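Listed below, chain by chain, are the residues.
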Protein chains: 2
Amino acid sequence: MSTSGRPYHHGDLRAALLDAADALLDEGGDGAVSLREVARRAGVSPTAAYRHFADKEALLAALALRGFEAFGAAMGAAVAQGAGAPHVARGRAYLRFALARPGRFRLMFGPLLARSPAHPDLLAASRQAFTALQANAGGRDAALRSWGMVHGLAHLLLDQAIPEAGEAEALIERLIC
Amino acid sequence: MSTSGRPYHHGDLRAALLDAADALLDEGGDGAVSLREVARRAGVSPTAAYRHFADKEALLAALALRGFEAFGAAMGAAVAQGAGAPHVARGRAYLRFALARPGRFRLMFGPLLARSPAHPDLLAASRQAFTALQANAGGRDAALRSWGMVHGLAHLLLDQAIPEAGEAEALIERLIC
DNA sequence: GCCGTATGTTGACGACGCTAACATAGGAAG
DNA sequence: CTTCCTATGTTAGCGTCGTCAACATACGGC
């Protein structure tokens, strides 16, 4: 670990690239993430990312994977805290997660997922997320219905599609019960 | 209307551009729509579209507007046909619309909508769509809940996020009731 | 029949994703 | 310690994209 100036080798460029991409995702959404800007922020040449990711989609998939980890943790924490019935707590946490990090949410549950044969680990993470969602929900169909509602409300809120939605937090409390 | 070769003036280039963009949307989704390819398909120079749309986003907004018109028609037809309760018929039609034209659906209810201050007509169309959805739904909160569910299921199905979803049509019949 | 203006074209710029060829460094083998 | 293999990073360049400015053409009102 040399300390003189910038070493030729970064040390953990992969993580640094993901951090930079994550920040861009927060700032300007999916479209704001460019490999060149990510590299710029990591202080590295425009094509350095190709030593760690096959292509841009692979970087985004890794980003989504990170998202699913955070998502799982948030869900776990919500039920552990034990405010109300588990599936209600999960619904609230789901919506809060989406509203807090829209870019990350859209990336995780977005067209990338449909292309997940190319990213098996991403597929596995999404499957695991659904399995967790299903617990204590009263059967698969009921679970799908609540998941659908919460997921749909998340998208509609993010896209500001709901007229006179007012404060999102209040709307959530009113609708989730 | 000169008949010798391609006339310098197209006649209705705006509509032709929208048609081409619509086709691209179906073929490869949002990301497949480029102004240059749209122009290519309309048989016109790469920048001709700028005589009809301020920028790419304006073209996409016009495309989404077209989508909302088709959407309104589909909803109207669904309740007019009168199979079951109106809001059930609408839910089915909503999901069928999304599954039939994923690109169009994602464009209509997507990040573009959140930027709709720049596209007032698009905003108006989306508001009107929600108003129609709200009819006979038993209050605004109930309407939001069903809209949320149907919208969420649409996205989850499009993104293939539901494990072992099998035939989408069957799933719809099972969940919507 | 003339001319203003709407419509379409050409050429160019910077940013992007990606590839190939090259440079450097860090660790394993001797 | 030296040598060399390989992982990691850089440079140069290709084709595509969105967009703008300057120019060309033709439609329609006077």
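Residues numbered from 1 in each chain as written. Chains lettered and ligands numbered in written order. Predicted model: local features only at pLDDT ≥ 70, side-chain atom pairs only at ≥ 80, totals over all residues.

Overview of the domain arrangement of chain A
Residue and element names in this part refer to chain A.
Consideration 1: According to the domain assignment, chain A consists of domain 1 (10–53) and domain 2 (57–175).
Consideration 2: The centre of domain 1, based on its C-alpha atoms, is set 25 Å off from the matching centre of domain 2.
Consideration 3: Between domain 1 and domain 2, the residue contacts involve 10 residues of the former and 11 residues of the latter.
Consideration 4: The residue makeup of the side of domain 1 that touches domain 2, split by class, is 6 nonpolar, 1 polar and 3 charged. (Domains from an automatic or database assignment. Contact = placed C-beta atoms within 7 Å. Nonpolar A, V, L, I, M, F, W, Y, C, P; charged D, E, K, R; others polar.)

Concerning the packing of helix H4 (residues 86–100) of chain A against helix H8 (residues 140–158) of chain A
All names here are of chain A.
Consideration 1: Packing of H4 against H8 brings their axes to within 9 Å, and their N-to-C directions diverge by 25°. Compared by their axis directions, H4 and H8 come out roughly parallel. By crossing handedness, the relation of H4 to H8 is classed as right-handed. Contact residues: His-87, Gly-91, Tyr-94, Leu-95, Ala-98 and Leu-99 in H4; Ser-146, Val-150, Leu-153, Ala-154, Leu-157 and Leu-158 in H8.
Consideration 2: Grouping the constituent residues of the contact of H4 with H8 by class yields 9 nonpolar, 3 polar and no charged. (Axes fitted to C-alpha atoms, helices over the stretch in contact; angles between N-to-C directions. Helix = DSSP H or I, 4+ residues; strand = E, 2+ residues; numbered from the N terminus. Parallel < 35°, antiparallel > 145°, perpendicular 65-115°, else oblique. Left-handed = near helix turned anticlockwise from the far one by under 90°.)

A look at the relation of the copies chain B and chain A
Between the two copies of this chain, the relationship is a rotation about some axis together with a displacement along it.
Consideration 1: Relative to chain A, chain B is turned by 180° and slid 0.0 Å along the rotation axis, the superposed coordinates differing by an RMSD of 0.0 Å. This pairing of chains is accounted for by a two-fold axis.
Consideration 2: An overlap of 100% is found between the interface residues of chain B and their copies at the interface of chain A, pointing to a shared contact surface. (Least-squares fit on C-alpha atoms with pLDDT ≥ 70 in both.)

Topic: the environment of Ala170(A)
Residue and element names in this part refer to chain A.
Consideration 1: Examined against the element boundaries, Ala-170 turns out to sit in helix H9 (residues 168–175).
Consideration 2: Since 10 C-beta atoms lie within 10 Å of it, Ala-170 is described here as exposed.
Consideration 3: The sequence separation of Ala-170 and His-87 amounts to 83 residues, and the corresponding C-alpha distance is 18 Å. (Buried ≥ 20, exposed ≤ 12 C-beta atoms within 10 Å, placed from the backbone.)

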